[in-house]
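Listed below are the residues making up each chain.
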Amino acid sequence: MKKKLILGTIVIVCLTGDVLADNNSIVDNNRTVKGTTLGKYQKPGAPIDITYQSTKVKLNEPSDINISFTTPLKSGEMEVDINIDKNLKTIGEFYNKITYSLNPNQKEYNLNLRVVSSKNGLYYIRLLTKVNGKNGVKTRAFAVPIYIGNGKLQKKSHQLVLKALSGENLSISKAEESVEIIK
Amino acid sequence: MQNVRICVYAKLEKSGIGGYDVEVVDNTNNDAVYTMQSSLFNIGEDSTRRNLNASSGWGGYGYSSARVSAPFAILDSIYQAIKKVKSADSNVIFPKLKVNWSVRNVPSGGGSEGELRDGLILTSHYNGDGNLYILGDENSDTDEFDNHIIIHEWGHYFEDKFSRSDSIGGSHGEGDKLDIRVAFGEGWGNAWSAIATDDPIYFDTQGFMQSDGFYMNIESENSAVKGFFSEDSIQHILYDLYDSHNDGADRLSLGFKPIYNTLVRFQKNTKAFTSIFTFITGLQEENPSKQDKINAILNSEDIKPIVDIYGSSQSNLYSNMGDSSTSTICTSGENGRFNKLENHKYIRFYIDASKNYIISVVQNNGSMSDPDFGVYRTSPFLHLGDSDSTTYKREIGRYILDSGDYLLDISDYNGQNYACFDININ
């Protein structure tokens with residue numbers, strides 16, 4: 001959904017300065033990454049939680065990922081769309097969509113994957129979960145972090161970061177411009 | 001002639017009465033403030049109008065260039081919220097707010113400082129300390145254009161700075177029977193997003209090409225579960241109190257000012273945990289002639305007339321120790337864990353003499369629970385501390401308590417289906 005330029009912005013003459021270095025964390029190899037949304041704040045959405053575990057690995061070393069979904073829903077279906085970062089390669093059988101039949105006797109719905117990469121970085125396996133509630137479809141998105149090599153967050157190509165003379169860090173993008181001469 | 005460049009900062013700034021101070025920064029890049037800039041140009045002799053457009057970066061099949069408009073879209077939503085509050089109180093001064101947005105903000109992580117710097121923000125949220133975090137992950141979950149989400153989270157900033165929320169947070173979804181503090185906090189956020197925009201359709205865009213997601217109609221959707229513990233019920237009630245559209249049991253159009261007044265006065269200072277009980281008690285106190293119409297709205301959500309801040313007419317969540325130094329309560333895990341209805345039970349007690357007290361909570365129907373408790377002074381309301389060791393069956397804490405009224409919030413970390421506890425304060 002697109003929005004128009006908003007009111008209330010501040011327009012000033014810009015001052016330029018130095019380029020900043022990235023502040024990325026260094027990651028140790030062969031360590032386990034664990035995460036869960038259980039008990040944590042979530043914005044409104046599908047009543048689904050995730051618990052995950054992945055191994056931090058070297059270049060070209062497989063990383064095992066174990067994912068578990070929990071939901072209080074006891075019937076119907078839970079769809080999961082799986083999107084693997086383009087810098088990761090899956091090992092073994094892989095489906096980009098899985099559907100679970102929810103039932104009252106099952107507490108967890110599991111998903112296991114293996115991925116590998118030849119590039120250093122912090123990448124993600126992105127999951128979009130979907131269930132049918134009393135008031136229609138509800139969704140919730142998750143991302144499982146995969147640390148490869150140094151596990152550093154990669155810089156995006158569109159970003160230019162400078163420091164103003166005031167010391168403030170500025171992330172600068174170009175505006176689209178048009179000029180009218182007022183007679 | 002001088003060469004200049006125009007820089008537009010993603011900030012909202014106004015000093016003095018009615019003022020605000022909001023900036024949008026990249027939390028994954030040293031908190032750099034987002035700006036867009038023009039090309040370098042010569043001022044020249046002619047008068048010119050220079051139009052700057054913040055582009056979305058959308059290339060038709062994905063984002064192919066910088067998402068320049070995102071921070072400004074976020075500010076637009078926040079400005080809507082600010083204007084609505086100022087419509088009720090033109091003298092309000094908004095404390096500083098920092099909005100953290102990045103294309104690398106993903107729905108992952110546990111909330112540590114290092115993770116936030118890398119964009120693992122878990123979800124769009126208010127952190128309780130003057131910071132909003134907003135998702136920006138392309139083809140997964142982007143929230144910069146989902147104005148209801150931004151305004152919902154800003155609503156938690158509003159509670160923090162102007163009112164009070166005792167919500168314990170946690171996950172919440174359709175059909176959940178929630179802790180009453182969570183139900184009110186989340187119901188308020190949803191209703192507030194509809195009130196600020198005068199648009200009851202809350203939506204969240206997600207998925208491939210941002211073309212998936214869901215929506216909910218704050219006005220007309222049936223509550224998945226009804227009651228004082230239901231986020232759905234709370235949002236319907238609050239929106240019905242506000243809006244000018246009479247439908248069903250709703251024959252009230254209070255507008256925002258009475259709701260605002262209740263939140264910043266009664267709700268802020270109430271001696272019970274914030275909930276629909278405290279809010280409606282305060283609203284009724286200030287609007288006694290509206291009681292029947294308020295009750296009709298409550299009744300449509302299966303909530304009986306509210307007689308006090310503890311929900312005495314319809315819930316057993318609070319126990320009053322009275323003159324005794326002992327009491328017994330039971331928690332339940334039947335509605336789920338962590339932040340669901342009856343996971344927490346509350347004890348009201350009065351301290352006569354100021355001194356050191358030992359508070360003990362001991363399970364009397366087994367030994368597999370891990371009881372924890374929090375202690376709160378009620379006037380002025382203050383969280384004094386938590387006793388939450390990893391000990392089966394019992395929890396003991398020492399507190400220096402002055403004379404006055406207090407609350408204990410007792411829960412079982414192990415989430416036993418039914419755990420009962422003897423409480424002793426001496």
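Right above here is the structure, for reference.
In this text, all values refer to a predicted model and were calculated from it rather than measured experimentally. (Residues numbered from 1 in each chain as written. Chains lettered and ligands numbered in written order. Predicted model: local features only at pLDDT ≥ 70, side-chain atom pairs only at ≥ 80, totals over all residues.)

Draft legend 1. Representation of the environment of A:Ile50 in the model. Residues and elements named next belong to chain A. With respect to the helices and strands, Ile 50 occurs in strand E3 (residues 49–55). Between the alpha carbons of Ile 50 and Val 144 there is a distance of 9.4 Å; along the sequence they are 94 residues apart. Ignoring any residue separated from it by four or fewer positions in sequence, one finds Ile 50 in contact with Thr 36, Thr 37, Ile 67, Phe 69 and Phe 142. (Helix = DSSP H or I, 4+ residues; strand = E, 2+ residues; numbered from the N terminus. Contact = placed C-beta atoms within 7 Å.)

Draft legend 2. Fine view of the packing of helix H7 (residues 276–286) of chain B against helix H8 (residues 291–300) of chain B. All names here are of chain B. Axis separation between H7 and H8 bottoms out at 10 Å; the angle between their running directions is 155 degrees. Judged by the inter-axis angle, H7 sits roughly antiparallel to H8. Crossing geometry of H7 relative to H8 is assigned as right-handed. In contact with Ile 280, Leu 283 and Gln 284 of H7, H8 contributes Gln 291, Ile 294 and Leu 298. Counted by class, the contact of H7 with H8 contains four nonpolar, two polar and no charged residues. (Axes fitted to C-alpha atoms, helices over the stretch in contact; angles between N-to-C directions. Parallel < 35°, antiparallel > 145°, perpendicular 65-115°, else oblique. Left-handed = near helix turned anticlockwise from the far one by under 90°. Nonpolar A, V, L, I, M, F, W, Y, C, P; charged D, E, K, R; others polar.)

Draft legend 3. Representation of the nonpolar core in the model. Within the largest apolar cluster, 137 residues are counted, with the highest numbers of intra-cluster contacts made by A:Val144, A:Ile146, B:Ile74, B:Ile78, B:Leu238, B:Ile276 and B:Leu408. Take this core: its biggest share by element is 10 residues, from helix H4 (residues 180–197) of chain B. With residues up to four places along the chain from it excluded, the contact list for A:Val144 reads A:Tyr52, A:Ser54, A:Ile65, A:Ile67, A:Tyr124, A:Ile125 and B:Ser108. (Core = buried A, V, L, I, M, F, W, Y, C linked by C-beta atoms within 7 Å. Buried ≥ 20, exposed ≤ 12 C-beta atoms within 10 Å, placed from the backbone.)

Draft legend 4. Representation of the interface of chain B and chain A. Every contact between the two is made by 87 residues of chain B and, on the other side, 66 residues of chain A. Of all the secondary structure elements, the ones that give two or more residues to the side of chain B that touches chain A are strand E2 (6–9), strand E3 (11–14), strand E5 (32–37), strand E7 (47–53), helix H1 (70–88), helix H2 (113–117), strand E13 (201–206) and strand E14 (212–217) of chain B. Among the elements that line the side of chain B that touches chain A, the one with the most residues is E7(B), at seven residues. Its residues assigned to classes, the side of chain B that touches chain A comprises 30 nonpolar, 38 polar and 19 charged. By the bridge criterion, five bridges tie strand E12 (residues 169–174) of chain A to E5(B) in an arrangement that is parallel. Its bridge partner lying in E5(B), A:Lys174 is registered against B:Gln37. (Pairing = 2+ DSSP bridges.)

Draft legend 5. Structural detail: the sheet that holds strand E2 (residues 32–36) of chain A. Residues and elements named next belong to chain A. Taken together, the five strands give an open sheet; going across it, the order is E2-E3-E4-E8-E6, and neighbouring strands pair in antiparallel fashion. One side of each edge strand has no neighbouring strand; the edge strands of this open sheet are E2 and strand E6 (89–90). As defined by bridge partners, E3 adjoins strand E4 (residues 63–70) across six bridges and the pair is classed as antiparallel. Residue Gln 53 lies in a different strand from E4, and its bridge partner there is Asn 66.

Draft legend 6. Looking closely at the sheet that holds strand E7 (residues 97–101) of chain A. Residues and elements named next belong to chain A. In spatial order, the strands read E7-E5-E9-E10; together these four strands make up an open sheet with antiparallel pairing. Across the chains shown, the open sheet's two edge strands, defined by having one partner strand only, are E7 and strand E10 (136–148). Neighbouring strand axes in the sheet, compared pairwise and without regard to direction, differ in orientation by 20 degrees on average. Where strand E5 (residues 77–84) lies against E7, five bridges are found, and the strand directions are antiparallel. By the bridge assignment, Val 80 is partnered in E7 with Ile 98.

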